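# Results of the structural survey
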There are 2 protein chains.
Amino acid sequence: MADKVETPVVEKQEETVPVEGAAKEGGENASKKAQKKLEKEQEKERKRLEREAAQLKEQEENWLKELKEDTLKENYGDYILVQSQEKTDRKWIQVLSIDESMVGQTVLIRARLQNSRVKGNVGFLVLRQQFSTIQAMISKNDVTVSKTMVKWVGKVPCESIVDVYGVVSKPETEIKSTSCKLELIVNKVYVVSRSRAQLPFQLEDAARQQKKEEQLAEYNNNEGDIEESKDNQASVSIKTRLDNRIIDLRTPAKQAIFRLQSGICQLFREYLLSQDFVEIHTPKLIGGSSEGGANIFKLKYFDKDACLAQSPQLYKQMCIQSDFERVFEIGPVFRAEKSFTHRHMCEFTGLDIEMSIKENYHELLDLMGDLFVHIFKGLETKYSKEIEAIQQQFPFEPFKIKTPVVKLTFEEGCKLLKEAGIEQNPLEDLDTVTEKKLGDIVREKYDTDFYMLHRYPISARPFYTMLCHDDPNYTLSYDFFMRGQEITSGAQRNHDPVSLAKRAAECGINVETIKDYIESMAFGAYPHGGCGIGLERVVFLYCDLYDIRNGCLFPRDPKRIAP
Amino acid sequence: MADKVETPVVEKQEETVPVEGAAKEGGENASKKAQKKLEKEQEKERKRLEREAAQLKEQEENWLKELKEDTLKENYGDYILVQSQEKTDRKWIQVLSIDESMVGQTVLIRARLQNSRVKGNVGFLVLRQQFSTIQAMISKNDVTVSKTMVKWVGKVPCESIVDVYGVVSKPETEIKSTSCKLELIVNKVYVVSRSRAQLPFQLEDAARQQKKEEQLAEYNNNEGDIEESKDNQASVSIKTRLDNRIIDLRTPAKQAIFRLQSGICQLFREYLLSQDFVEIHTPKLIGGSSEGGANIFKLKYFDKDACLAQSPQLYKQMCIQSDFERVFEIGPVFRAEKSFTHRHMCEFTGLDIEMSIKENYHELLDLMGDLFVHIFKGLETKYSKEIEAIQQQFPFEPFKIKTPVVKLTFEEGCKLLKEAGIEQNPLEDLDTVTEKKLGDIVREKYDTDFYMLHRYPISARPFYTMLCHDDPNYTLSYDFFMRGQEITSGAQRNHDPVSLAKRAAECGINVETIKDYIESMAFGAYPHGGCGIGLERVVFLYCDLYDIRNGCLFPRDPKRIAP
């Protein structure tokens, strides 16, 4: 096994900044005597610092000497910077793939040093890869491991990346703190990349279990920093987490959440492709102002006015009229909304669908129902390890979905609310509190965390929504809910240019400004409908997290645009 | 079979705008006599128009009467607007699924009426679904089809959407003009949605075969409109196509191109997911200015300055340092570049990859080689029908890829150029002309349309590129080429915060402005690299199209931001 060239085993010392002392602060109006006393104290302090520096230097020199003289020094140390110097046949193993069949084998693992406890001749390391952890035991044996090596390992800062060679073995007593129940007996350790010793917060603190009310507290502590919670354990505020996102994302639950997010996208596409959908990519830079008008990000496109797409809706509808018949897109959606809520962001990922329908928008609803069943069942079966890792930090009730999916009309929803003593005007939209209550009622009655509400009143929908043929107060529209919160909005669209223009005018829209949109239906238009799903909402509600930002890698809210 | 309610079979008449005549233009300084003559002419013209209108009215009334009196009128007509009135058990069949086993069966098809030729008692229709077409024959039989029905069908405007019931049959002589070799004998026809009679251009003209030089001519005719080509066939300019994109996209080749584009994304993901990559979604709204500085779209993010991401590079690198190890993203990329070339756009779709490497960037190059082989072989096997449909309009040489993929160092590339008599400074970047030439040489020598060029000179690469350990004039970077044109750029990145800051300063960058980026490597950094692939480039070069805009649904160039 050809190892990479190694530098002498010196770890970088953190710079020691000389402390100037509190001397400067006082003494301005002091008497001569006081002045003299101060000078004496300063001199004393200076000498102390000199002594300390000398001591440190001596310690370092001794340590270097010890390292240099170690006969087993080849077995540890810092790699030189990996610059593609070599191409060896070394095989690195994933922690997840280690099982009992490998007991006795020597393996090589590249992982983060999550933490180390070293005492004398023995040390215990926890190595982490994504959301898997394994214990590595290092013990002086004078064959491969010297006492100096054990000491050196204990000085490697947490979060450094290390290459560890070790023999897989079965510990006598079960290890509770790691995901892998086997351990490594270390032969060699090399540092691939050192972490700075001082982290913005400890991973242990960031990974600690948070029940729903603690998540709420974290959400509300938006301005704060690391603070002591009631049981004297440091808790990390959402602001600190997001300011140092690359560290926060290393926690096992976050690792798992974003693997789950990736999984949702795969399952979403997998199902739609099986139903003859085509993936499209529509422009995010739009001339003039997006379909809405309000809440748009504006910019200059060379010498023209432009804005960022609030949704791909117009373009996906145009694709239907271009004969693609069934299309989907996964892409960013921009909303310049000054909403400070736990479920809004200014940029999110839209899972958008549009399809032609033959005669009835239930074709679309039924397909969407099957799609969500496919996603939720897929998560359960293919992402059980991720779900388990998320549960460790964020305990939640498993997500329930009933098949066939529960579909209620808006009027039926109002009736259920009324039965529960809540008055809701059936011609007006629900507010979020009532939505949540209806979610509770539906869960109680149908044992499901997912349902569809359709036939919304006309007042709640934009002009391009197709009206119900049997009641012009209602529209062929729908919202889908997860745990009582909206994740999707959609409708059958009006594809008739004449009534579309009429309806736009009724809604006070200058028809001239949407001429292109109306024109796109003039050359033979398929009846069609679609919807947009907020990916981060699906993630955070599936895991019953409080804050949508936990479902987004680098969230954007009105106050945050970095990192 | 419960049919939908139908309206009386009246097609909408195009509005006849009364022509004012040329009268207004002359006569200002005319003599009385001339004035009188003019008035007489106007009166004559007015009467002529009246007569014509009366004739038209009479014709229309007769036609309505004829329709009303037709005893077979139930078998044709216009549907009322599809507003989800009904949910029947009718089954619509896709043209692609029609085969000889269905001969004799009555099927129902929803399609566009591409064109119709009606003469007396017989008519031939071409029905189109995406890139499939089928002929439908309608013939008076007095059992299901009346002469009036045949006449009515002949009046339905092209591009209208129709429901056709017909018996699948095998024609005596082979049909050359349609993709399906069977035909339908029509029983019933209904219009789902009428097209306006006047189209911006004829689909036939837009779908006509274009060799490479004709594509070049179309590209150069950017300002033009429909024009006659040398053989008296109307050709549609790229401007007219893009201005009326929804019509242009209906042509079979365009339908196939965007199915191929969708296929590339599926194959890309399929391979990467099999290699443990995670899909990510990084923000497109970036605080301050993106990594480059130049060519960025700027905007206001509430009260802060922001810009649109020129690439997800910083964020995907951060994901590596957040332990995701292998990530990919498919998303929009924004470049405010005033480039008027056949291969640049201001918004395109990036297929982005970033991964940790153990010791050598060839790990990444080898993986990318396998990825492209997977994509190109996948297109060949799974998208052969699409490729055939594209070939019909845009004939091209099949794309060649050699396995294992050809990898050349920059210096080797320069040597090949030199052998061909082309001087290239090995310490300077290639220009596009030389790239193209090198592509030809490589194709000649290795019989491949795809290859990798790596170890670019330092002058050609940004500060964050890792230098070669054996020669500081070169970097661990690479470009990939298709048919001699660049589709991908990438590198191993410098993951050492100290040398990264030093190199940035050497390149004249204010290190303070990229502090966050450098900081992200400070807490233990994986050696890593990646690349970004331009999706539209892969599409247009695979099909050897001249203009990249043919590989984009709704292209954005410095002059175009709509539709």
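What counts, and where the lines are drawn
Residues numbered from 1 in each chain as written. Chains lettered and ligands numbered in written order. Predicted model: local features only at pLDDT ≥ 70, side-chain atom pairs only at ≥ 80, totals over all residues. Heavy atoms only, no water. Helix = DSSP H or I, 4+ residues; strand = E, 2+ residues; numbered from the N terminus. Rg over C-alpha atoms; globule rule 2.2 N^0.38 Å. Buried < 20%, exposed > 50% of the residue type's maximum accessible area, 1.4 Å probe, protein only. Contact = heavy atoms within 4.5 Å. Areas by Shrake-Rupley, 256 points an atom, 1.4 Å probe, with all protein chains shown as cover. Buried area = accessible area lost by both parts, 1.4 Å probe. Salt bridge = Lys/Arg side-chain N within 4 Å of Asp/Glu carboxyl O. Polar contact = N/O pair within 3.5 Å; in protein donor to acceptor, adjacent residues only side chain to side chain. Nonpolar A, V, L, I, M, F, W, Y, C, P; charged D, E, K, R; others polar. Least-squares fit on C-alpha atoms with pLDDT ≥ 70 in both. Phe/Tyr/Trp six-rings, centres within 6.5 Å; stacked < 30°, edge-to-face > 60°. Lys NZ or Arg CZ within 6 Å of the ring centre and 35° of its normal. Domains from an automatic or database assignment.

Regarding its fold elements, chain A presents 15 helices and 19 strands. Its C-alpha atoms give chain A a radius of gyration of 31 Å, clearly above 24 Å, the size a compact globule of 563 residues would have. Considering chain A as a whole, with its 563 residues, one finds that 56% of them fall into the buried category. In chain A, of all internal contacts separated by at least 6 residues, the share reaching a separation of at least 24 is 69%. For chain A, the accessible surface area stands at approximately 25,000 Å², while carbon and sulfur atoms represent 50% of it.

In this section: the interface of chain B and chain A. Much of the literature gives interface size as the accessible area that the parts lose upon coming together. Contacts between chain B and chain A engage 117 residues on the former and 116 residues on the latter. Of the roughly 9,700 Å² buried at the junction of chain B and chain A (both faces included), carbon and sulfur atoms supply 57%. Of all residues in chain B, E359, F523 and I561 of chain B give up the largest surface area on contact with chain A, accounting jointly for 9% of the area buried on that side. At the junction of chain B and chain A, the tally comes to twelve salt bridges. Of the charged contacts in the structure, one is a salt bridge between R112 of chain B and D323 of chain A, with a shortest N-O distance of 2.5 Å. Summed over the shared surface of chain B and chain A, the result is 70 residue pairs in polar contact (both at pLDDT 80 or more). Top contributing element to the side of chain B that touches chain A by residue count: helix α7 (residues 252–274) of chain B, with ten residues. Here the residues of the side of chain B that touches chain A sort into 52 nonpolar, 30 polar and 35 charged.

Right, let's get into the environment of I353 of chain B. Within the fold, I353 of chain B resides in strand β14 (residues 347–356). In sequence terms I353 of chain B and D516 of chain B are 163 residues apart; their C-alpha atoms lie 21 Å from each other.

By a simple turn and slide, chain B fits onto chain A: the slide is 0.0 Å along the axis, the RMSD is 0.1 Å, and the turn is 180 degrees. When the rotation and shift are considered jointly, the pair of chain copies conforms to a two-fold rotation axis. No C-alpha of chain B lies nearer the rotation axis than that of L299 of chain B, which sits 2.5 Å from it. Most of the interface of chain B is mirrored in chain A, where 99% of its interface residues again form contacts.

Turning next to the packing of aromatic side chains. Residue and element names in this part refer to chain A. Evaluation of the coordinates by the stated rule reveals 52 aromatic pairs over all chains. Judged by centre distance (6.2 Å) and plane angle (90 degrees), the ring pair of Y165 and Y190 falls under edge-to-face. Of this pair, Y165 sits in strand β5 (residues 161–169) while Y190 sits in strand β6 (residues 183–193); the two residues are 25 residues apart in sequence, bridging distant segments of the chain. Taken together, Y361, F372, F376, F396, F399, F450, Y478, F480 and Y542 form an aromatic cluster joined through their ring pairs. The ring of Y456 carries R461 above its face, with NZ or CZ at 4.3 Å from the centroid.

Looking now at the domain arrangement of chain A. Residues and elements named next belong to chain A. Under the domain assignment, chain A is made up of domain 1 (1–31), domain 2 (95–193), domain 3 (203–250) and domain 4 (253–551). Computed over C-alpha atoms, the centres of domain 3 and domain 4 are 31 Å apart. Listed by partner, the interface residues are 18 residues for domain 3 and 17 residues for domain 4. Between domain 3 and domain 4, the buried area comes to about 1,500 Å², and carbon and sulfur atoms account for 48% of it. Considering only the side of domain 3, the residues that lose the most area to domain 4 are K212, Q215 and Y219, jointly responsible for 37% of the buried surface there. Here domain 3 is connected to domain 4 by two salt bridges. With its nearest N and O atoms 2.9 Å apart, the salt bridge here joins D544 to K212. Linking domain 3 with domain 4 are eleven residue pairs in polar contact (both at pLDDT 80 or more), by the criterion used here. Class assignment of the residues belonging to the side of domain 3 that touches domain 4 gives a composition of seven nonpolar, four polar and seven charged.

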